[in-house]
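# Working through the structure, step by step
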Amino acid sequence: MSNPEQTLGVTPPISTTLPTDAEKRQTEALLKELRAQGTFESQAETDKRWAVLADLQRITDEFVKRAAQEKEPHNAILIRDARGRIFTYGSFRLGVYGPGSDIDTLVVVPKYVTVKQYFDIFPNLLVEMAPPGAITDLTPVPEAFVPIIKFEYSGISIDLIFCSIQSLRQLPDDKDWNLNSNNLLRGLSENEVRSLNGTRVTDEILALVPEEKTFKLALRAIKLWAQRRAIYANIMGYPGGVAWAMLVARVCQLYPKATSAVIVRKFFTIMLNWPWPLPVLLKNIEYNQSITRVAVWNPKIYPSDRNHKMPIITPSYPSMCATHNVGRSSMAVIQQELERGVQISEEIMLGKRPWKDLFEKHTFFTNGFKFYLTVISSGRTKEAQNTWSGFVESRVRVLVQKLELHPSIALARPFNKGYDRVHRCKTDAQVEEIQTGNLTYMVKPTDTAANGNAKNDSKVEVKAEIKTEDGVVPEPAVPVVKEEPNDVVHLGTVPLKPEDNSVKPEANDYNKDKVKLEDIPEKEPELEIYTTNHYIGLQLVEGAKSLDLSREVDDFKAMCTSNDIFKAELMGLTIQHVRNFDLPDDVFEPGETKPVRPVKKKKRMAEGEHANGPMAKRQQMATAPPTIKSEH
């Protein structure tokens, strides 16, 4: 923890006033509300996380020993001293994780261990050394820009990335050893630097706040607010977890003595009035370093950096912009939400409203827009869809940027999560219906939790871009057991023949009535289709009567389907226009009101004027919705 008396940040504090009793009471109320909202997990669940990390450390040490033995089988000293290290980053390392959160994890190894060995040895070693059945959904993704192995360990989701330190023959035998030294970046490629910087940035953030406890509670509140208001997802053009953490940390620097409740209140005011594109910095950027070739964020040199609308800069060398995906529409939405936050937090601090009002759910579907586009990616296998939907998701913001340039569109807001659906059908014609948005064949989800089958908040922030030769994620290293669908009928329950009780067999007719395989009615084979829908809300400029988006849609589809990932026999991509009253039921939570089709009211015509006269035509023009052409 940093010294509270130390000045942190690139400017002096705004205020060092000590908190009042009322501010302390509001912080206690905030903590109570966050607990009521379920943002904290039990101590038993936290202990389980640490036990899993201890197992991963043990497995990592064995992995490095086997890699050393494979590299130099006769070098006993190298094998004896071989060791690796497990580091965490993201919400777990920041201390703001909650129930169901994944653990972002990094494996650090000496220079002689290769990424090929990581994928050849580590997956099998996980299954071998973990308790029986502990490892599920094991998916190595070597083709990702940052190579990653995804799996669940005793029900805890793990994203495990890899980095080999080229400047170290062996890792130090020191439990306090960390990754803070810039020299560890020497000889690393850009993806290796990014792997290492996840932990480095997280550690730097914690070192640059005056009081960790105050920071963590305030960050929990802002994180929950951003998730509830659907403005939390880097891949969709909103700040991700690290970016929100840096914003909260900057406010902590400006009010080093404040309580968490005051930090939350000041957060909204300061960020609403921040003079973008002035960058948010937690410390001065380190330039003139020759350690790595990875570019340091510098708008004076790089035109792309000058285009960043809301730059939030990571503190660790080499500094990068964590919000390069933020566009015009997403920034406008963030500003709207900050304005709302200012109003509500002011009333909360005055005792006029409870904290729960700040965390009310968004109205994206219930009262957000009249018109939506839905981007539908589809796959004929689960593996193909995982690859394809991830790629399409990473490109949705490109479509949003094209929509923002359309003269009839005032705002194009992407929803921050996709909706995964499973469908069962029997014909290719029905497959085509599914691919164009028909939900008639959708399998109803058995999970009735809030947000149904929407992607989990804790998963949506980072999604690796996968580039494979055949467009299919490699098969898991261990077999995956799929649950049978509810409507599968086992042989033991199938009636042998249609009901016919007119003649009962005699006892000596046993052989005649033995069950024959051909007597069992065959179930017509079903096709299982997987889809992911991403929704974009459209706000049209005043007076817009029609909207032709065929060019934007065609360009987007061409960009996606021209990638090597796309396989026409396995994957599909369509974009549909949807009115708010035609949105599917599963985007609404229980208790929410779905928009209904407006009823056209008959207006009284002027006395003596014919129904087809000028008045009727003017009324028709005034009430007719704009025509949107986008179906492809």
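Structural data are supplied above this passage.
Bear in mind that the values here come from a model prediction, so they are computed numbers and not experimental data.

## Section: the overall build of the protein
Looking only at helices and strands, the protein has 15 helices and 12 strands in total. Nonlocal contacts in the protein, meaning residues at least 24 apart in sequence, comprise 75% of its contacts between residues at least 6 apart. Counting every atom, the protein has about 31900 Å² of accessible surface; 51% of that belongs to carbon and sulfur.

## Section: the environment of Glu 542
Relative to the assigned elements, Glu 542 resides in the loop between β9 (527-540) and β10 (546-548). Residue class for Glu 542 comes out exposed when judged on its relative accessible area of 83%. Residues Glu 542 and Ser 408, spaced 134 residues apart in sequence, show a C-alpha to C-alpha distance of 8.3 Å.

## Examining the sheet that holds strand β4 (residues 148-153)
The strand order β1-β2-β5-β4-β3 describes an open sheet built from 5 strands, whose pairing is mixed. Two strands in the sheet have a free side with no partner beyond their single neighbour: β1 (85-89) and β3 (135-141). Pairs of neighbouring strands in the sheet enclose a mean axial angle of 25 degrees, with direction left out of account. Alignment of β3 against β4, held across 5 bridges, turns out to be antiparallel.

## Structural notes on the nonpolar core
Phe 215, Trp 225, Trp 244, Phe 267, Phe 365, Ile 536 and Leu 538 are the most contacted members of the largest nonpolar core, which has 102 residues in total. The dominant element in this core, judged by the number of residues it contributes, is helix α8 (residues 241-254), at 10 residues. Not counting the four nearest positions on each side in its chain, Phe 365 is found in contact with Tyr 372, Phe 415, Tyr 419, Tyr 535, Leu 583, Val 587, Phe 588 and Pro 595. Core analysis: the second largest hydrophobic core is formed by 36 residues, Phe 63, Tyr 118, Ile 149 and Leu 160 among them.

## Quick look at helix α6 (residues 190-207)
Between its terminal C-alpha atoms α6 stretches 25 Å, which fits the 26 Å expected from 18 residues at 1.5 Å a residue. The largest bend in α6 is about 35 degrees, located at Asn 197.

## A word on the pattern of salt bridges
Under the criterion given, the structure shown has 22 salt bridges. Between Asp 203 and Arg 93 there is a salt bridge, with the nearest N and O atoms lying 2.5 Å from each other. With a gap of 110 residues between them, Asp 203 in helix α6 and Arg 93 in helix α4 (residues 90-94) connect regions that are remote in the sequence. You can call Asp 203 buried: its relative accessible area is 17%. Take Arg 93: its relative accessible area is 25%, and that puts it in the partly exposed class. Two residues, Arg 265 and Glu 346, come together in a salt bridge whose shortest N-O distance is 2.9 Å. Of this pair, Arg 265 sits in helix α9 (residues 260-272) while Glu 346 is found in helix α11 (residues 328-349), placing the two residues 81 residues apart along the sequence. The structure contains a network of salt bridges with shared partners spanning Glu 62, Arg 66 and Glu 128.

## Comments concerning unusual backbone geometry
At the junction of Trp 276 and Pro 277, the peptide bond is cis and its omega measures out at 10 degrees in the coordinates. With respect to the helices and strands, Pro 277 occurs in the loop between α9 and α10 (303-306). In this structure, Pro 318 follows Tyr 317 across a cis peptide bond, with omega equal to -10 degrees. Examined against the element boundaries, Pro 318 turns out to sit in the loop between α10 and α11. At Asp 137, a position not held by glycine, the phi torsion is positive, near 50 degrees. By the secondary structure assignment, Asp 137 is in strand β3.

## A look at helix α7 (residues 212-228)
Compared with an ideal rise of 1.5 Å per residue, which puts 17 residues at 24 Å, α7 spans 24 Å between its outermost C-alpha atoms and is within 8% of the ideal. Taking burial as the measure, the 17 residues of α7 include 13 buried ones, the bulk of the element. Looking one or two residues beyond α7, the residue adopting positive phi is Ala 230, at roughly 60 degrees.

## Some thoughts on the packing of α7 against α8
When two helices pack together, their arrangement is captured by the angle between the axes and the distance separating the axes. At a closest axis distance of 10 Å, the pairing of α7 and α8 adopts a crossing angle of 135 degrees. The angle between α7 and α8 falls in the class oblique. The two elements α7 and α8 meet at a crossing, and its hand is right-handed. Across from Phe 215, Ala 218, Leu 219, Ile 222, Trp 225 and Ala 226 in α7, the residues of α8 making contact are Trp 244, Ala 245, Val 248, Ala 249 and Cys 252. Of the residues in the contact of α7 with α8, the class split is 11 nonpolar, no polar and no charged.

## As for the environment of Leu 373
Mapped onto the fold, Leu 373 is located in strand β6 (residues 371-379). Judged by its relative accessible area of 0%, Leu 373 falls in the buried class. As a C-alpha pair, Leu 373 and Gln 576 span 203 residues in sequence and 5.6 Å in three-dimensional space.

## Looking at the packing of aromatic side chains
Per the counting criterion, the structure on display carries 28 aromatic pairs. Ring centres 6.2 Å apart and planes at 65 degrees place the aromatic pair Phe 63 and Tyr 118 in the edge-to-face group. Residue Phe 63 is located in helix α2 (residues 43-71), and its partner Tyr 118 is located in helix α5 (residues 115-129); the two are separated by 55 residues in the primary sequence. Just as Phe 63 is buried, Tyr 118 falls in that class too. With centroids separated by 5.3 Å and ring planes inclined at 75 degrees, the aromatic side chains of Phe 63 and Phe 122 adopt a geometry described as edge-to-face. With Phe 63 in helix α2 and Phe 122 in helix α5, this residue pair connects regions lying 59 residues apart in the sequence.

Here is what the cut-offs are and how they apply
- Residues numbered from 1 in each chain as written.
- Predicted model: local features only at pLDDT ≥ 70, side-chain atom pairs only at ≥ 80, totals over all residues.
- Heavy atoms only, no water.
- Helix = DSSP H or I, 4+ residues; strand = E, 2+ residues; numbered from the N terminus.
- Contact = heavy atoms within 4.5 Å.
- Areas by Shrake-Rupley, 256 points an atom, 1.4 Å probe, with all protein chains shown as cover.
- Buried < 20%, exposed > 50% of the residue type's maximum accessible area, 1.4 Å probe, protein only.
- Pairing = 2+ DSSP bridges.
- Axes fitted to C-alpha atoms, helices over the stretch in contact; angles between N-to-C directions.
- Core = buried A, V, L, I, M, F, W, Y, C linked by side-chain atoms within 4.5 Å.
- Expected span 1.5 Å × (residues − 1).
- Bend = angle between axes of the 7 residues up to and from the residue.
- Salt bridge = Lys/Arg side-chain N within 4 Å of Asp/Glu carboxyl O.
- Parallel < 35°, antiparallel > 145°, perpendicular 65-115°, else oblique.
- Left-handed = near helix turned anticlockwise from the far one by under 90°.
- Nonpolar A, V, L, I, M, F, W, Y, C, P; charged D, E, K, R; others polar.
- Phe/Tyr/Trp six-rings, centres within 6.5 Å; stacked < 30°, edge-to-face > 60°.

In short, geometric facts, not functional conclusions.
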